[in-house]
Structures are given as structure tokens and as C-alpha cells.
Amino acid sequence: MKVLVTGGCGFIGTNFVRLMLKSHPDWSIVNLDKLTYAGNRLNLLDLEENEPRYQFVHGDICDRDLVMDLLDGGRIDAVVNFAAESHVDRSINDPSPFVVTNVNGAQNLMECARQRKIGRFVHVSTDEVYGTLGPSGKFTETTPLAPNSPYSASKAGADLLARAYFETYGFPVLVTRCSNNYGPYQFPEKLIPLMYLNAKAGKSLPVYGDGLNVRDWIYVDDHCRGVELTLTKGREGSVYNFGGNAEETNIFVVRTLLSILDRPESLITYVKDRPGHDKRYAMDFSLARKELGFAPTLNFSEGLARTVAWYEANGTWLEQVQSGEYRNFMDTWYEERSK
Ligand code: NAD
Ligand code: DAU
């Protein structure tokens, strides 16, 4: 199968490209990535240099001519769309790029794929489109969409367009909604790699609000397997939830990390809460279990240990991605939170 992956230089895309080329000797992958602050071409440079089944294309999913050209002439059988602006805090600062890429870009990809009669399109979405849960219950695929951040609203917008493309045109689209990923190559603005970096540097660890917000953590390879199963076995027009069966409070995650790194809890600083901060996420993925045979394979403590080991071995990668733009964003954000 010839797959167009978008956003393959980001966190999940990088892991997906590596895993799929390893598990499917008969697949080839074209990776279309704009290389925003979150995209790093070096993540897959070894494949660019040594793997003929992998091709990198620098470009924007909003660029109609480019996407039409990539999908021309039977060169691609399926599309998997990871490309997005993905960070909630950034969407609070400036929602515009989120609408441009996550809504308009996703629609452009679907429209080009429809015109080129592509046989399969997986749109990678998020549990955040469902909004927030109270102390009990889980999100199912029929939970109403109720996004609370500009990021999640933009993702929900694309999910609704996917639904409309299926209902209106019979477009062969499938949507995945997954909970919080962690693992190798995650950009250090997200909770786990940010806390890792700060703890290693002896800097304070900014926990939002009371630290009791709950996320359902899934190791990135398990999510990638879920996307693979959706692509190869899913029912067209369906939505599939994926989760890790690992509901943890943020403060538990931060304390566990400090204990693995043997750093003191006195580094923890409680800062002003994120506006519109969702209290709790938990995923019911029984549909994916039943129809696709999906189950997460790593529990949280194994996954976290593996993640820390990767960051310990990849200090150069962490240095590379901490550009001036990264530092500006983090400094400003932290200053605002600490007021
Ligand atoms: P990321 O921010 O690490 O990577 C996003 C990638 O998309 C980057 O390589 C970036 O350069 C690229 N990109 C951005 N705008 C683009 C554009 N206009 N055209 C082409 N490429 C563009 O994100 P991630 O954490 O890897 O998330 C990937 C996808 O999975 C996103 O759609 C996100 O909403 C979804 N998701 C993420 C999580 C999570 O926990 N990280 C969970 C569920 C779903
Ligand atoms: O649930 C899936 C989503 O998970 C994805 O769709 C998003 O792309 C991804 O960014 C992630 O969103 P979150 O907002 O949950 O992830 P983040 O790592 O930013 O935050 C995780 C939790 O930790 C959240 O409750 C906020 C809190 N937090 C985060 C940071 C960066 C802190 O307390 N302090 C911090 O410095």
C-alpha cells in the first residue's frame, strides 16, 4: 500500500512512520509536513537517507495544488492525516492557525482525496472533542461533541466535516479519537517531556490549578497500532475511540516522574489554571476492541519508564528542538501563569 502521511515529522507521525515501515515491508510512505515549530525533519533523516520506501515532501496540507499533485496518477492508495496545530495552551494564545490547519487544511485534504478517488482516508482526531467528564463515566463514540478550547473546537470542526463528507459523498473516511499520548519524540511543551526537562535542570515544575485534572495516558505505539487497525480494518464512516486504560491525575504523573529521576518534590509549583481546563478524560474503546481487535499493550509505569529512558538517551534531540521560538513561548507562558 502507498500511504500519504501528513504531519509525519511531529511526535505521533514520526512514531507511526517508523512503526509502519517496520511492520509492513510492502508499504511505502510519502510524508507531507510543513515543519512548524513542532515538526523536525531530522526525526526521520535516517529513513530519508537509507529507506527507498520513504519520501519526505516539505509543504502545507492547505496547499491545494501540491496535494492534488501528490495524489495524482495512482501514486497514493490511502491518506492518514496527523498534521495539526496540537497544543491547547498555544490555541488559547492564538486560535487562528488552529482553524487554518485543523479545519481548512483537513477539509482541503479530504476534498483533494475525494476528487482523486483515494480509497481510504483516516483522520486522526482527539478525545478532547467530547469536552470534559465528571468524576465517573467514560467517553463513547456517541458522546455529544462539546469542545472547550480553540484547539478542540478546531478538531471537532474537522470531525464534523469528515462526517459530512461520508454522508454527502460516500467519501471513505474514518475518524480516530485518542486520549493523551506519551513516548519518544514528544515536543517538550507537553506535560511529560516538559516536566522531565525542568526536573533535570532543577527548575520548577508548573502544575496547573490543583493538579487533580485527570488524563487517560496511552503509550504512543499503542495509538499508532490503533490508527493502523483503523486504516486496514475499520468500517468506512466510523469513529473509533482509543485510550490507554490509565487514568491518572497530573500531580501523580509529575510525582512519579520526579521519583524515577530521583528529584525532590519541592520542585513542584502550583500555578494559575489553564482557562477552560477540562477536568477529566477517560476513553471507552470497546468498539475498537470489538471491531478492530485493539487493546493497549503497555501500562503507564512501563510506558513512562520506557519514555524516560528514551529522553535520557536522546539529549541531543531535546537540545535541537528547543529553539529560540520554543524558549520565548515557554518563558512568556510561565510568566503569565505565575502572576
Ligand atoms: P505535533 O504538534 O507533535 O505534530 C504536528 C505535525 O504536523 C508537525 O510535524 C507539524 O510540522 C505538522 N503540521 C502542522 N501544520 C501543518 C500543515 N498545515 N501542513 C502540514 N504539516 C503541518 O502533534 P502530535 O502530538 O504528533 O499530534 C498529531 C495528531 O494527533 C494531531 O492531529 C493531534 O490533534 C492528534 N492527537 C494528538 C494526541 C496527543 O496526545 N499528542 C492525542 C490524540 C490526538
Ligand atoms: O487528550 C488528547 C490531547 O492531549 C491531544 O489532543 C492534544 O494534542 C495534546 O496536546 C494533549 O492535550 P492536553 O492539554 O491534555 O496535554 P498537555 O500535555 O498540554 O497537558 C496535560 C495535562 O497537564 C493538562 O491537564 C494540563 C496539565 N499541564 C500541562 C502543562 C504543559 C500542567 O499542569 N502543567 C504544564 O506545564
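Residues numbered from 1 in each chain as written. Chains lettered and ligands numbered in written order. Predicted model: local features only at pLDDT ≥ 70, side-chain atom pairs only at ≥ 80, totals over all residues. Heavy atoms only, no water.

Trainee: What exactly am I supposed to notice about helix α11 (residues 300-313) here?
Mentor: The periodicity of an α-helix, 3.6 residues per turn, causes residues three or four places apart in sequence to face the same way. Under the 1.5 Å per step criterion, the end-to-end length of α11 is 20 Å for 14 residues, consistent within 8% with the ideal 20 Å. Of all the residues in α11, the buried ones are F300, G303, L304, T307, V308, W310 and Y311. Each buried residue of α11 lies within a common arc of 160° when the element is viewed along its axis, so the set occupies one face. Among the exposed residues of α11, those pointing more than 90 degrees away from its buried face are S301 and A313. On its buried face, α11 is in contact with β7 (181-182), α7 (191-201), β10 (218-219), β12 (247-249), α9 (250-261) and α12 (315-321). For α11, the N-terminal capping position is held by N299, with its side-chain oxygen 3.2 Å away from the main-chain nitrogen of S301. (Helix = DSSP H or I, 4+ residues; strand = E, 2+ residues; numbered from the N terminus. Expected span 1.5 Å × (residues − 1). Buried < 20%, exposed > 50% of the residue type's maximum accessible area, 1.4 Å probe, protein only. Arc of directions from axis to C-beta. Contact = heavy atoms within 4.5 Å. Polar contact = N/O pair within 3.5 Å; in protein donor to acceptor, adjacent residues only side chain to side chain.)

Trainee: Would you explain the pattern of salt bridges in this entry?
Mentor: Taken as a whole and assessed by the stated rule, the structure comprises 18 salt bridges. Between E265 and R255 there is a salt bridge, with the nearest N and O atoms lying 3.1 Å from each other. Placement of the pair is E265 in the loop between α9 and β13 (268-271) and R255 in helix α9, with a sequence separation of ten residues. Overlapping salt bridges, with partners in common, bring together R90, E189 and K190 in one network. (Salt bridge = Lys/Arg side-chain N within 4 Å of Asp/Glu carboxyl O.)

Trainee: Looking at this structure, how should I read the UniProt feature "domain: NAD(P)-binding" (unreviewed entry) in the protein chain?
Mentor: UniProt marks residues 4-306 with the feature "domain: NAD(P)-binding" (unreviewed entry), using the numbering shown here. Strand forms 17% of residues 4-306 and helix 41%; the C-alpha atoms that close the span are 29 Å apart. (UniProt positions renumbered as here; feature names shortened; annotations may be inferred.)

Trainee: What am I meant to see in the site of ligand 1 here?
Mentor: Around ligand 1 lies a shell of 28 residues, among which I12, D33, S86, Y151 and K155 are the nearest. G10 has a polar backbone atom sitting 2.9 Å from an oxygen atom of ligand 1. D33 places a polar side-chain atom, nitrogen or oxygen, 2.6 Å from an oxygen atom of ligand 1. Here ligand 1 loses 97% of its free accessible area of 830 Å² to cover by the protein chains. Put simply, the parts of the chain that give the shell around ligand 1 at least two residues each are α1 (11-23), β5 (120-126) and α6 (150-169). For the shell around ligand 1, the class distribution of residues is twelve nonpolar, twelve polar and four charged. (Near = heavy atom within 4 Å. Areas by Shrake-Rupley, 256 points an atom, 1.4 Å probe, with all protein chains shown as cover. Nonpolar A, V, L, I, M, F, W, Y, C, P; charged D, E, K, R; others polar.)

Trainee: Got a minute to help me understand the nonpolar core in this structure?
Mentor: Ranked by internal contacts, the top residues of the largest apolar core, which has 72 residues, are F16, V17, I29, Y54, V80, F82 and F300. Element by element, the count of residues in this core is highest for α1, at seven residues. Sequence-distant contacts of V80, defined by excluding residues within four places in its chain, comprise V3, L4, V5, T6, F16, V122, V124, V227 and L231. Residues V30, V57, I118 and V173 belong to the second largest nonpolar core, which totals 25 residues. (Core = buried A, V, L, I, M, F, W, Y, C linked by side-chain atoms within 4.5 Å.)

Trainee: Before we go on, may I ask you to explain the side chain of N213 in this structure?
Mentor: With respect to the helices, strands and loops of the structure, N213 is situated in the loop between β8 (205-208) and β9 (214-216). Judged by its relative accessible area of 2%, N213 is buried. A distance of 3.4 Å separates the side chain of N213 from the side chain of H277, its partner in a polar contact. Beyond its immediate chain neighbours, meaning those up to four positions away, N213 contacts Y208, E248, T249, N250, H277, D278 and K279.

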